[in-house]
Amino acid sequence: MGRTLHELTLHELQDGLARRAFSAVELMRAIYDRIDAVEPTVRAFVTLTRERAEAAAARADQTFRTGGKTGGNAGGAVPQLTGIPIGIKDNLCTAGVETACASKILKGFVPPYNATVIDRLDRLGAVMVGKTNMDEFAMGSSTENSSVAVTKNPWDTTRIPGGSSGGSAAAVAAGCAPAALGSDTGGSIRQPAALCGLVGLKPTYGRVSRYGLIAFASSLDQIGPLTKDVTDCAIMLQAIAGHDPRDSTSAPIDVPDYRAALREPVAGLRLGVPKEYFVEGMDPEVERAVREAIRVYEKMGLTVREISLPHTRYAVATYYLVATAEASSNLARYDGVKYGYRAEGAPTLTEMYTRSRAEGFGPEVKRRIMLGTYALSAGYYNAYYQKAQQVRTLLRRDFDNAFADVDVIVTPTTPTPAFRIGEKSDDPLQMYLSDIFTISVNLAGIPALSIPCGMTGNNLPVGLQLLGKPFDEATLLRAAFAYEQATDWHRRRAVVR
């Protein structure tokens, strides 16, 4: 194919393995050679599972040799992800492998079970190459809040890769895995996908099981893939989607064939452009790339119309009330008693609680716990948290009204390209605004994805965000695939220096 194995897409690797052009062991060794070459610079991983991965690759080669007739798979079909290397975000439970959410307070926690998405990937033959770095407990937009390391953007290692799934995005962009799983609470898949030149999808809330995802904000969190192109995204969503009785929020809705839907025609689809998403202060190169992408869609026969989402201006405030309140509740369990970090030498139980949490959590996590606890406290619940939930309903209603007239909504993914490491560390409010275009989606529970749509003058990727109707990921992927076929932005690859 003229490219090294680490440069290939997931579906190209599937084809090569099926044709026996290379073995799963050769592929795994090529991936780890790439990790050895770039990981000291990029720092995308917190844990590597080399021995486990190479053993799994050897089993994959045996599966290919026998046509799938091995072990309990006597039917003869080779699972579709057999031998494919995948990166896994460090907040997804992996049996026998440390899962610490890049936090000191969970250091050493080894889950006895897998998240549902991990079980599904395992059944399809995928191979975990390692756990990827993240903002601690998924709280951040830059992966600078990790207790392990600061992950760097493979396009420019002086810049952030986005967050909180920055490790997963950097791993795929640097060629250390053809795909990775992340989680998205307010843009944590789509924002790093945009800043690293990838495709990133947040499915509809309930489309993918959250069982085994260590919670940040339970009503907002959703697991999704980061990939090199839209075809790979469709394959990954197919692999992880579906009802799970272990997750009470999992929707019992059939999963369509996403890859088959990609080539359906898009002419005639109605594309909505919300005026509230083109704001003062947005980087002009980002706006220019997004406007040009909209013109590409017009040339393909889509109907483009301006729409309004009038409550968008309240989304940031609403999100940071809802998310921090839920975080305060979810993180109350980390007290040094049952698992995780425990402060030494505390004279009383209360002192042990206090010191364990003070020493175990990082600054951003503490900030959000305090905000959320305040919003839930007596005398303030109705004024803050309850009011935020009411505004959340209005935001969802805005989308319902818009989707009565359009099929897909298109916006920028981020207001700027990747900023420099440390540039916003001392200004949390500016950091929070990095997600201004992505958080409404989580509040409304609808699906959204980011695809590459351009490059800035200093060679930084720009992302285009597509928003869809609930459980209509197929139309989103179809629209994204059509744009991808009309352009070549998805073929650009970072060169790690």
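Residues numbered from 1 in each chain as written. Predicted model: local features only at pLDDT ≥ 70, side-chain atom pairs only at ≥ 80, totals over all residues. Heavy atoms only, no water.

Caption draft 1: View of the overall build of the protein chain. For the protein chain, the helix and strand inventory stands at 16 helices and eleven strands. Computed over C-alpha atoms, the radius of gyration of the protein chain comes to 22 Å, within 12% of the 23 Å expected from 2.2 N^0.38 for 497 residues, which places it in the range of a compact globule. Per-residue burial over the protein chain gives 60% buried out of 497 residues. In the protein chain, 74% of the contacts between residues at least 6 apart in sequence involve partners at least 24 apart. Here the protein chain displays about 18500 Å² of accessible surface, and carbon together with sulfur accounts for 51% of that area. (Helix = DSSP H or I, 4+ residues; strand = E, 2+ residues; numbered from the N terminus. Rg over C-alpha atoms; globule rule 2.2 N^0.38 Å. Buried < 20%, exposed > 50% of the residue type's maximum accessible area, 1.4 Å probe, protein only. Contact = heavy atoms within 4.5 Å. Areas by Shrake-Rupley, 256 points an atom, 1.4 Å probe, with all protein chains shown as cover.)

Caption draft 2: Seen up close, the nonpolar core. One finds Leu-121, Ile-451 and Leu-466 to be the most contacted residues of the largest nonpolar core, which totals 104 residues. Per-element accounting of this core gives the leading share, nine residues, to helix α2 (residues 24–42). Met-134, Ala-217, Leu-220 and Val-365 belong to the second-largest nonpolar core, a separate cluster that totals 33 residues. (Core = buried A, V, L, I, M, F, W, Y, C linked by side-chain atoms within 4.5 Å.)

Caption draft 3: The sheet that holds strand β2 (residues 85–89), seen in detail. With respect to topology, eleven strands assemble into an open sheet ordered β1-β3-β2-β4-β6-β5-β10-β11-β9-β7-β8, the strand pairing being mixed. Among the strands making up the open sheet, the edge pair consists of β1 (45–48) and β8 (303–307). Neighbour-to-neighbour, the strand axes of this sheet turn through a mean angle of 30°, independent of strand direction. Bridging between strand β4 (residues 179–184) and strand β6 (residues 222–227) involves six bridges; their strand directions are antiparallel. Residue pairing in the sheet places Gly-182 in a bridge with Gly-224 of β6. Most of the contacts of helix α5 (residues 166–173) go to β4, to which it runs at about 160°, and overall it touches β1, β2, β3 (127–132), β4 and β6. (Pairing = 2+ DSSP bridges. Axes fitted to C-alpha atoms, helices over the stretch in contact; angles between N-to-C directions.)

Caption draft 4: Summary view of the side chain of Asp-61. With respect to the helices and strands, the residue Asp-61 is situated in helix α3 (residues 50–65). Of the buried charged residues, Asp-61 lacks a salt bridge, with Arg-65 as the closest side chain of opposite charge at 5.1 Å. Engagement of the side chain of Asp-61 in a polar contact is seen with the backbone nitrogen of Ala-24, the distance being 2.6 Å. Look past the residues within four positions of Asp-61 in its chain and what remains in contact with it is Ser-23, Ala-24 and Val-25. (Lys, Arg positive; Asp, Glu negative; His and termini not counted. Salt bridge = Lys/Arg side-chain N within 4 Å of Asp/Glu carboxyl O. Polar contact = N/O pair within 3.5 Å; in protein donor to acceptor, adjacent residues only side chain to side chain.)

Caption draft 5: Local environment of unusual backbone geometry. A cis amide bond links Gly-163 to the next residue, Ser-164, at an omega of 5°. Position of Ser-164 relative to the elements: it lies in the loop between β3 and α5. We note that Cys-101 has phi near 55°; this positive angle belongs to a residue other than glycine. Note that Cys-101 resides in the loop between β2 and α4 (116–123). The exposure class assigned to Cys-101 is buried, which follows from its relative accessible area of 0%. With a phi close to 55°, Ala-102 is a non-glycine residue in the positive phi region. For Ala-102, the location among the structural elements is in the loop between β2 and α4.

Caption draft 6: How the structure looks around helix α10 (residues 315–330). With 16 residues, α10 should reach 22 Å at 1.5 Å per residue; the first-to-last C-alpha distance of 22 Å fits that figure. Summarising burial for α10: 13 of the 16 residues are buried, a large majority. (Expected span 1.5 Å × (residues − 1).)

Caption draft 7: Geometry of the environment of Thr-231. Inspection of the secondary structure assignment puts Thr-231 in helix α7 (residues 230–240). Here Thr-231 falls in the buried class, since its relative accessible area comes to 8%. For the pair Thr-231 and Thr-9, spaced 222 residues apart in sequence, the C-alpha to C-alpha distance is 9.0 Å. In contact with Thr-231, other than residues within four places in its own chain, are His-11, Arg-259, Leu-262, Phe-481 and Glu-484.

Caption draft 8: Structural view of the pattern of salt bridges. Under the definition given, this model contains 20 salt bridges. Note that Glu-292 is salt-bridged to Arg-295, the shortest N-O span being 3.1 Å. With Glu-292 and Arg-295 both in helix α9 (residues 284–299), this residue pair falls three residues apart, about one helical turn. When its relative accessible area of 35% is taken as the criterion, Glu-292 is described as partly exposed.

Caption draft 9: Molecular detail of the packing of helix α1 (residues 10–18) against α7. Relative orientation of the contacting elements α1 and α7 amounts to 75°, with a least axis distance of 8 Å. Accordingly, the angle class assigned to the pair α1 and α7 is roughly perpendicular. Along its contact with α1, which presents Leu-10, His-11 and Gln-14, the element α7 presents Thr-231, Asp-232, Ile-235 and Met-236. (Parallel < 35°, antiparallel > 145°, perpendicular 65-115°, else oblique.)

Caption draft 10: Molecular detail of the packing of aromatic side chains. Taken as a whole, this structure holds 15 aromatic pairs when the rule is applied. Consider the rings of Tyr-320 and Tyr-432, whose centres lie 4.2 Å apart with planes at 20°: the pair is stacked. Taken as a pair, Tyr-320 in helix α10 and Tyr-432 in helix α14 (residues 428–432) lie far apart in primary sequence, 112 residues in all. The burial state of Tyr-320 is the same as that of Tyr-432; both residues are buried. An aromatic cluster is present here, built from Phe-109, Phe-137, Tyr-334, Tyr-339 and Phe-361 joined pairwise through their rings. One cation-aromatic arrangement involves Lys-104 over Tyr-341; the distance from NZ or CZ to the ring centre is 4.8 Å. Over the ring of Phe-278 we find Arg-291; its NZ or CZ atom is 3.9 Å from the centre of that ring. (Phe/Tyr/Trp six-rings, centres within 6.5 Å; stacked < 30°, edge-to-face > 60°. Lys NZ or Arg CZ within 6 Å of the ring centre and 35° of its normal.)

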